Structure formats: structure tokens, C-alpha cells
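Given next are the chains, with one letter for each unit.
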Amino acid sequence: MLQEESDLSLVIAQIVQKLKGSNLYAQLERQAWASLQRPEIKLESLKEDIKEFFKISGWEKKLQNAVYSELSVFPLPSHPAAPPEHLKEPLVYMRKAQGSWEKRILKSLNSMCTELSIPLARKRPVGEQKELLNKWNEMGTDEPDLSLFRPVYAPKDFLEVLINLRNPNYENGDSLSFRTHLGLIQVPLKVKDIPELKEFFVELGLTTGQLGIDDSTQVPPELFENEHVRIGQKVLAEQDSAAAQQYIRQGSPTALRAELWALILNISSQPEDILYYEQLKTNVIQHDLLVDSLIYKDVKLTASNDDYYFVFEDYLYQVLLCFSRDTSVLGHFAYNSASPPKSYIRGKLGLEEYAVFYPPNGVIPFHGFSMYVAPLCFLYHEPSKLYQIFREMYVRFFFRLHSISSHPSGIVSLCLLFETLLQTYLPQLFYHLREIGAQPLRISFKWMVRAFSGYLATDQLLLLWDRILGYNSLEILADCPKSIVP
Amino acid sequence: MSRPKNQNYKGHGLSKGKEREQRASIRFKTTLVNTLMDVLRHRPGWVEVKDEGDWDFYWCDVSWLRENFDHTYMDEHVRISHFRNHYELTRKNYMVKNLKRFRKQLEREAGKLEAAKCDFFPKTFEMPCEYHLFVEEFRKNPGITWIMKPVARSQGKGIFLFRRLKDIMDWRKGTAGKKLTSSEAQPARSAVNPPGGHDARSSEDQKDEIPVENYVAQRYIENPYLIGGRKFDLRVYVLVMSYIPLRAWLYRDGFARFSNTRFTLSSIDDQYVHLTNVAVQKTSPDYHPKKGCKWMIQRFRQYLASKHGPEAVETLFSDMDNIFIRSLQSVQKVIISDKHCFELYGYDILIDQDLKPWLLEVNASPSLTASSQEDYELKTCLLEDTLHVVDMEARLTGREKRVGGFDLMWNDGPVSREEGAPDLSGMGNFVTNTHLGCVNDRKKQLRQLFRSLQSQKKASS
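Positions within a chain are numbered from 1, following the residues in the order the chain's sequence is written. Here the convention is simple: chains get letters from A, ligands get numbers from 1, in the order in which they are written. Thresholds applied to this predicted model are a pLDDT of at least 70 for local features of residues and 80 or more for the giving and counting of side-chain atom pairs; totals over whole chains, interfaces and linings are not thresholded and use all residues. Water and hydrogen atoms play no part in the side-chain values, which are based on all heavy atoms of the structure.

- An unreviewed UniProt entry lists chain B under the name Tubulin--tyrosine ligase-like protein 9, from Felis catus.
- If you open the UniProt record of chain B and go to Sequence similarities (unreviewed entry), you find "Belongs to the tubulin--tyrosine ligase family." UniProt positions are given in the numbering used here, feature names are shortened, and annotations may be inferred rather than shown by experiment.

- Going by an unreviewed UniProt entry, chain A carries the name Rab-GAP TBC domain-containing protein and comes from Felis catus.

Dropping the structure here:
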């Protein structure tokens, strides 16, 4: 009991610390000062009166949403004395694997850089800056020569690394038993089994209404759809993040989705946010990064060739180029097993004072990265809002799909979950595929890494991502391929 | 031969009182290849007839029709894929005339409000005969953009935009007096001259003068709805089985064709920006064949719903229904309604930023070539369902409101989504039986339909 209390107070302290530096705090303070003018605020009961005022004016809700948001993202501290690496990833062998994978990526990037004699970053000459500014809304028309650039890595390279992961403390023994895992992933991580999944995903049960199933043409809307839409509108009116997250587990109506996601991710387009985005845009105009070419190449190879997303090509550049330069993204490395790659100013290799993170946001794009953004273009049309939503989705969910960690939503666990489910419940299929040399994970891996973007029709994809937001977990991605593979 | 009349619901005219003959095999002929050929060849019981053999079904092209229809005898069961004078609807200048006349009639009979429902066609003037009227309109609205389109060509050929009268002066000097090739010439004079038709007039024009290619000048829609900064238009398929009475079906699938480049009014000379025909896009330097440039209309409908809400989308789509029906009504009295004929039209619709749909044109021979796998699926399913509705195999009862992906949109009156008699008063909870851009579970529906038809047949035999 004592442990729980001290944990709780630790969490509270950390959240308060975090929120104190945020814009919301400043706004609350301003509101509190302004409220002193109001007649209902009396000096004797100042604290209660102000609290009451916050409740009525909706500011308390905003604070609640902010706290809820922090809790969703914040990993709970396991032990007050745990070093920061443990927050990133508690298992040593995983950390090591991630570290060596990062070294490989960086090496590949550096060698491409040397081969092509292109600097990692350079300042653009004024003429070029002007040109880019003019073309900002149609960067897709640019056709730079990208033939020499290769994506730094593709999902299949990453899969090879995961296949070779081993826990040095675990001895499997040579004898095959019914417990032997026949899949590619050979690390002993705990994943949920069907009864646990059933409990976790209780709202997806057969007896509960779902959008995407119970709103099809044969089902009269009075049974489920109408009521569900009405509740959705109410949730939006209340502006309650936690309620929205609970609501969206049954799927979101098309018309309400954009607002619901913004509410759950606690994104509201404040002037500061728009200004921040404009600042990032200026950074893009002024400096050219090598990763920009990688982004261009990726967009041209994937999203531009997609039947549904090719229209949004220009938005993708506007989001991804700014994303690369956003140093606030570095914050998520506190709970990401990955670490941002470091680079050194020319000539000062090894000197820490001259080390910079490269790219500035610490995320090196891989083949297919732009597909994380593409489906969002269906919902958000204002570049700065689209940007915020994507950034938040990345630092909450997507980063887990391409870093090695033991987290239940990490890609390793997802692969293991998928293979276990398949082996347990469709053993004949699993065995057959193995026999013909087509390990099922090799097929479904790329689906999961991209969170199914580009592999599912957009309406279905958005319903899937509704559940990711609703359950704050990526485990549903492992469940999905099970129905597609057969 | 008497026909049992159902007072409440009119059948869509396929079966008469006497059972139609079930033919052992159906001989088809067509000059087209790709999707149509695949569909026809795979249809059970259909055999291809080559060269001069007799046929039961002919998917012809319009030039054959022009030359041979009048001297071809067809048995009662024979079907052909065009109406004799379809050009009343599909040639831009005729369509405009018919629509203007219909609008006037509506105004006389039902008032201005009703007539305003025909305002889905941008102001158009036929050149060169309406040149003066055009100049008057041009002067009233200085600075707007106009588009010049040849009346009878397709695939975006010969189209250009202009803002100044000077631009067309030059064009006039250039093309006046040019001889047309025989394939571009106006339709040959036919023996049958329906009242109000245009054949008599055109044959007079042809008498002494050198044939000049006819153009129309149309007000260019400067505020098109853009997605991803790109302009697009919608291709929708409407199947007309007869004009008198008017029976039309609407296909649930269709697609949005995107321009490859971003839309901006400043680049009037850039032909690629403004024209969204795939044919023109294919020549643009930006064009990558993999891209496809097309969205299925379901995707488009969803996109709009997530941006503007379902009510706005409902309104837009019912405005589009209005376009289809009124355009067909405007040529109803003029087109020779031969019972052998049916026609699959491709409607081109442009949406502007206020979510108002505009009719660009109607195609009598919409392209059936597939530009991608998805496109191939769409077109083969479309053609299969067209053949189901034409019903050479005499399987349907004639009371169906839906066949595969086709919904009966107009059956001598509006068709209601609900069961039972159509609500002709036009008030109350009338919802039209159209599902453009909605789920197309055609396979399932066809299975159920044919199964129930079979059991009905067994029961009655």
C-alpha cells in the first residue's frame, strides 16, 4: 500500500513538473488572475471559488485532458532508483540489439553521404530559398534526381535483425515439445493469450455494437448506429479526452473522427502551435538536409504510387520535412528504446561539445515511413493541424513499430503475439506455410510495421486506427493479420 | 396479347404477358476489345459472330450506327447498344439546345423554381452561330475565363481556354474554312426526321458551304473543388433502357479523375492542368502510369463525408440525381425510342467549391479500356450488370429495382427506396432509389436475385 502511494505521488510530482512548463499552465494562471474580477469570487473562499469557476468554464476539463494525456504516454516508474535506460528499455540484451542496429543504420547513412559527396546538412543559398518558398504548396512537382539515393533500410532488413534476437540467459533446449515456438521470433516475451485479449478488448466482443460491422446496409440504423452517433456528438460537446477514448473503441463515425482523434490526442490548434509549425517551415526553407532526399524518395516510391494517397503528395512533404527538424520530438526518446543518432560538426569528430543530433528530430526515415502520414490526410487539411496530429501519433504509437524493445506494444511483442495466435488457433495453416517456406511473419511483418497503411482500404484502416487510439495499444495490429492471412 | 397490369407498380418493361423465348444461345457481335470482349466471351450461352453472320446482340460503335441502323432489320428480341439519335444528348451543342428548351417549358408549366433545377449547365454558346450572344455575355462579365470545346471530339482534343476576345479572333481566322475529315463530319442525314430534331438543319448547312467544325464556348468553372490542390471530375454511369417511357438505371460505382498537376488559374495555357480526361493526362510530362490518377467514387464520397458531414454529401448526391434525370427528360421527346435500343452513358460531372455539381458532358461511348486493375474490375462488373439488365436470357420479371450494381433510378416517374408504390407527390419521406458511391455488394445481390428468380420459375411451371 505504501509502495503504491509513493508511486502515485511520484507520478503526480512528475506530471505536475511537466505541465508546469506547458502553455496550459500559463493559460490557467492568466484565467485565475482574470477571474478575480468576477463577483462570485470571494476572498474568504478563494481556492474553492476559483476551482468552481474552472469547473464551469471548462478549464478543469482541459486540465483533466492534459493530465490524462500525460498518463497515457507516461511510462510508470518501476523503481525510484531505476536509471533512465530502464525507462527506455529494461532488458539489457534488447538495449544492446537496438544499439547495434542503430550503429548499422548510421553507418549506412554516412557511407551514402560519402559516396554521393553530399553533406548531411547545408544552408540553402538565398535564390534556392525563394524558389522553395514559392513552391511550398506543390513540392511534388519537383523531380530531383533521386536515382542515387537508396532508402536507409526497409522493413525486411529490420525483420532479419529481430529474427536473430536471442536472450543470452534463456536456454531453449534441443528437444522439440508442444511448447516450442515454431515461428521466427525466438525471444521469451510475455504476450497476451486469447482469454487475456478477450478481456482487454472487451468492447470488441460479438455482443457489442461496432462501427464497420453493425452499420452495414443490412442492419437498420436504429439498432446501433444512430445511438452511437448521438453519443459521439455528446462526447465532443463535453470535450472529455477519457470519454472519447472509451467511446472510440467501438469505432468512430466518419463525420466525427477528425475531432475525436484531436480530442484524444489532446491537440487543439493554438496560435502557438501554428507559429511553431511556421518556424519549422522556415527551418526547412533555410537548410537542406540529406534526409530530405530520403523523404522525397520515399514519398515518390510509396505514397505517390498508391491509388488513394497520391493526391496528398504535397501534404506529405509539408509534414515530413518539418518533422525532421522538430527537436521537440527528441523528448520521446526518454521512453523509446532507440536513441537519436549523433553526428559531429566537420572536423570535430568525437568532441561532445560539437555533437548534434541528426536529423534534428532523431528519427531516420525508412522505406515506407511516409505511409504513416498518408491516411491522416483524409482527416486533416490544415497543414499545421495535420502536422500536430501526426507528430503526436508518432511519439505515442508509431515509434514502437521500428525499434527493438520488450514493450507489449513494441514490434517484437506484436510479432510474437501474431505468431503465437496463429500457431495456437490456426496450426494447420501455420504448419503448411512453414513447409512451403513461407513463414507467415514474413508476409505480415510489413503490414504491421506500417500499421497496415497502404495495405488496407482507407475506411477500414481508419477504423483500425480508431481502436489503436481507443485501447492505447498497438496489439490490435497483431490480431488483424490473423483474419487476413487465410 | 394482353398484359396483366399491376396498378401499383409498373414493371420496367422487360417481360410481356407472353413468356419471352429462352434462346439456346445468343449471338453477339462487337468491334470493341478489352473489357467488353472479355465480359461477352465469358457469358454462358453467348457465342461470338464474325463478319456477316446474323446476330442477336450488337455492341456497336456510333459510326456503324450512323451508316447502317436505318437499313438493318432487327427481330423483336434483338438488342443494340445505341439509340439512333443519341447525339441529341451527347453532342454539346444539341444538348444545350435541348436543355434550354426544356427549361423554358418547365418555367411555363411549373414556375421559376422548378426551372432553376435545370441550372446545372454552365452558360454555353454555340459557335459560330451564337457568336453575338456570346459576345454580349462576355462583355457583361469581364475578366472571367471561358473554355472552347469542339462539339464532336472526345478525349480532350481541341480544347482551349481564353479570357480575351482577341484569343478567339485568332482562332476564328485559323479554323474557319478548314475541311473536316469524314470521321469528324456531322452525322449523315437520316430518313426519319423527328420534330425539333436537328438533322434537317445540319443537312442544309452542309449543302453549299465548306463544313466548319462546330465549337461551343462555355463559361469555365473557376472555383472547382480541389482535393490535394488538384482538380478532378466525376465519371458516373447511367443506363437507359428506353426513353418512352423513360427508364434509367444508375450504377453505384464510378470514379473521380484527377488532374496530374496542381490547379491554378494563372496557367491557362497549361492544357494539362485544366483537363482531367485520362487521355490528356497521359501525355503530360508528369504522368506516371502507375499513379492511375483515379479514385473510386466510394473513396470520394467518404472523403467528403469526413470533411463536410453526411448531410452535405446527401444533398450533393441528390443534386447529381437531379442532373441525370433532367438531362434525360430534356431529350425524351426528341430521341427515337426504339425498343431494340439501350445505351450506357458516361456522365462527366464537376463539383465546385460550394459543393454544387455541374454537368460537363454526356458520353454515348464511355471509354471501356481499363487503366489499372481496379479500373478493369469496375468496367467488367459494369458491363456484366448492363447485360443482366438488358436481359437477353429473359430471366428477370421486370419488377426489379436493383440488379447487381445498378439501381433503378427512374421508371416513368421517381423510384422510391422503400417497398411499395412510389410516392408521386414528391413530399414526405421520399428517398430516391439511388446509391451512387455506396457499398456495391453486387455479387451477393445477384446470387440472391437469380436464386429467387429460379425458384419463382419453378413454382410457376
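**Brief notes about the overall build of chain A**
Step number 1: Tallying secondary structure elements over chain A gives 21 helices and 4 strands in all.
Step number 2: In this setup the radius of gyration rests on C-alpha atoms only. A globule is expected at 2.2 Å times the number of residues raised to 0.38. Taking 486 residues into account, the globule formula puts the C-alpha radius of gyration at 23 Å, and chain A, at 24 Å, falls close to it.
Step number 3: Principal-axis analysis of the C-alpha atoms places the extent of chain A at approximately 75 × 65 × 55 Å.
Step number 4: Should any heavy atoms of two residues lie within 4.5 Å, those residues are counted as being in contact. Contacts spanning at least 24 positions in sequence make up 75% of the contacts within chain A whose residues lie at least 6 apart.
Step number 5: To be clear on the numbers: accessible area is Shrake-Rupley with a 1.4 Å probe, and residue cover counts the displayed protein chains and nothing else. Total accessible area on chain A stands at roughly 24,000 Å², and carbon and sulfur atoms take up 57% of it.
Step number 6: Charge counting follows a simple rule: Lys and Arg are positive, Asp and Glu are negative, and His as well as the terminal groups are ignored. Note on charges: their place is set at NZ of Lys, CZ of Arg, CG of Asp or CD of Glu. Across chain A, the centroid of the 49 positively charged side chains sits 5 Å from that of the 58 negatively charged ones. Here a strand is any run of E in DSSP of at least two residues, a helix any run of H or I of at least four, and the numbering for each starts at the N terminus.

**Some details on the interface of chain A and chain B**
Step number 1: Of the residues lining the interface, 24 residues belong to chain A; the matching set on chain B comes to 23 residues.
Step number 2: At the boundary of chain A with chain B, total buried surface from both sides reaches about 2,200 Å², with 53% on carbon and sulfur atoms.
Step number 3: In short, buried area is how much 1.4 Å probe accessible area vanishes from two parts on joining, totalled over both. Looking only at chain A, the three residues that lose the most surface to chain B are A:Tyr308, A:Phe310 and A:Val311, adding up to 26% of its buried area.
Step number 4: When a carboxyl oxygen of Asp or Glu is within 4 Å of a side-chain nitrogen of Lys or Arg, the pair counts as a salt bridge. Counting across the interface, chain A meets chain B through 1 salt bridge.
Step number 5: Two residues, B:Arg230 and A:Glu313, come together in a salt bridge whose shortest N-O distance is 3.7 Å.
Step number 6: The element that contributes the greatest number of residues to the side of chain A that touches chain B is helix H15 (residues 313-324) of chain A, accounting for 3 residues.
Step number 7: Three residue categories are used. Nonpolar comprises Ala, Val, Leu, Ile, Met, Phe, Trp, Tyr, Cys and Pro, charged comprises Asp, Glu, Lys and Arg, and polar comprises the others, including Gly. Per-class residue counts for the side of chain A that touches chain B are 10 nonpolar, 8 polar and 6 charged.

**Points about a nonpolar patch on the surface**
Step number 1: Surface patches are drawn from residues lacking salt bridges whose relative accessible area is over 30%; two like charges belong together within 9 Å, two nonpolar side chains (Val, Leu, Ile, Met, Phe, Trp, Tyr) within 5 Å. On the surface, a nonpolar cluster with roughly 460 Å² of combined accessible area is contributed by A:Trp33, A:Leu36, A:Leu43 and A:Leu46.
Step number 2: Locating A:Leu36 in the fold gives a position in the loop between helix H2 (23-35) and helix H3 (46-57).

**Observations regarding the environment of A:Asp298**
All names here are of chain A.
Step number 1: On the secondary structure map, aspartate 298 appears in helix H14 (residues 290-301).
Step number 2: Residue exposure (1.4 Å probe, protein chains only): buried if accessible area is under 20% of the type maximum, exposed if over 50%, otherwise partly exposed. In this structure aspartate 298 comes out as buried when scored by relative accessible area, which is 7%.
Step number 3: Distance from aspartate 298 to tyrosine 170, taken between C-alpha atoms, is 39 Å for residues 128 residues apart in sequence.
Step number 4: Other than its neighbours up to four places away in sequence, aspartate 298 contacts Ala303, Phe366, His367, Gly368, Phe369 and Ser370.

**Description of the sheet that holds strand S8 (residues 215-219) of chain B**
Sheet strands associate in pairs through backbone hydrogen bonding, adopting either a parallel or an antiparallel arrangement.
Residue and element names in this part refer to chain B.
Step number 1: Pairing within the open sheet is antiparallel, and its 4 strands lie in the order S5-S8-S6-S7. The open sheet is flanked by strand S5 (124-127) and strand S7 (160-162), the only strands paired with a single partner. Strand-to-strand twist across the sheet, computed as the mean angle between neighbouring axes with direction ignored, equals 25 degrees.
Step number 2: One ladder, built from 3 bridges, connects strand S6 (residues 146-150) with S7; its direction is antiparallel. Considered in S7, the bridge of tryptophan 146 is made with phenylalanine 162.
Step number 3: To get an axis, fit a line to the C-alpha atoms, keeping to the stretch in contact for a helix; angles then go from 0 to 180 degrees between the N-to-C directions. Lying over the sheet, helix H4 (residues 92-110) contacts S5, S6 and S8, oriented at roughly 130 degrees with respect to S5.
Step number 4: Packed on one face of the sheet, helix H6 (residues 131-140) meets S5, S6, S7 and S8 and runs near 140 degrees to S5. Only strands joined by at least two bridges in the DSSP assignment are considered to pair.

**Regarding the packing of H14(A) against H15(A)**
Residue and element names in this part refer to chain A.
Step number 1: The contact between H14 and H15 brings their axes to 10 Å, and the two run at 150 degrees. With respect to their mutual orientation, H14 and H15 come out roughly antiparallel. In this structure, H14 meets H15 at a crossing whose hand is right-handed. Contacts between H14 and H15 pair Val291, Asp292, Ile295, Tyr296, Val299 and Lys300 from the former with Glu313, Leu316, Tyr317, Leu320, Leu321 and Ser324 from the latter. For this classification, under 35 degrees means roughly parallel, over 145 means roughly antiparallel, 65 to 115 means roughly perpendicular, and everything else is oblique. By the definition used in this description, the sense in which the near helix is turned from the far one sets the handedness, with an anticlockwise turn below a right angle giving left-handed and a clockwise turn giving right-handed.

**Comments concerning the pairing of S8(B)**
All names here are of chain B.
Step number 1: Where burial is concerned, most of S8 is hidden: 4 out of the 5 residues are buried.
Step number 2: Pairing of S5 with S8, which is carried by 4 bridges, proceeds in the antiparallel orientation. Bridged to glutamate 126 within S8 is valine 216.

**Here's the deal with the confidence of the model for chain A**
Atom-level detail of predicted coordinates should not be read off regions where pLDDT is low.
Step number 1: As a per-residue measure, pLDDT reflects the predictor's confidence and takes values from 0 up to 100. Averaged over all residues, the pLDDT of chain A equals 84, while 92% of them reach at least 70.
Step number 2: Element-level pLDDT for chain A is lowest in strand S3 (residues 342-344) of chain A, with a mean of 75, against a maximum mean of 94 in helix H16 (residues 383-396) of chain A.

**With respect to the nonpolar core**
Step number 1: A:Phe390, B:Phe57 and B:Trp295 are the most contacted members of the largest nonpolar core, which has 223 residues in total.
Step number 2: Setting aside its immediate chain neighbours within four residues, A:Phe390 contacts A:Val319, A:Leu320, A:Phe323, A:Phe369, A:Tyr372, A:Val373, A:Leu376 and A:Phe398. The definition of a nonpolar core used throughout is a set of buried Ala, Val, Leu, Ile, Met, Phe, Trp, Tyr and Cys residues joined through side-chain atoms within 4.5 Å.

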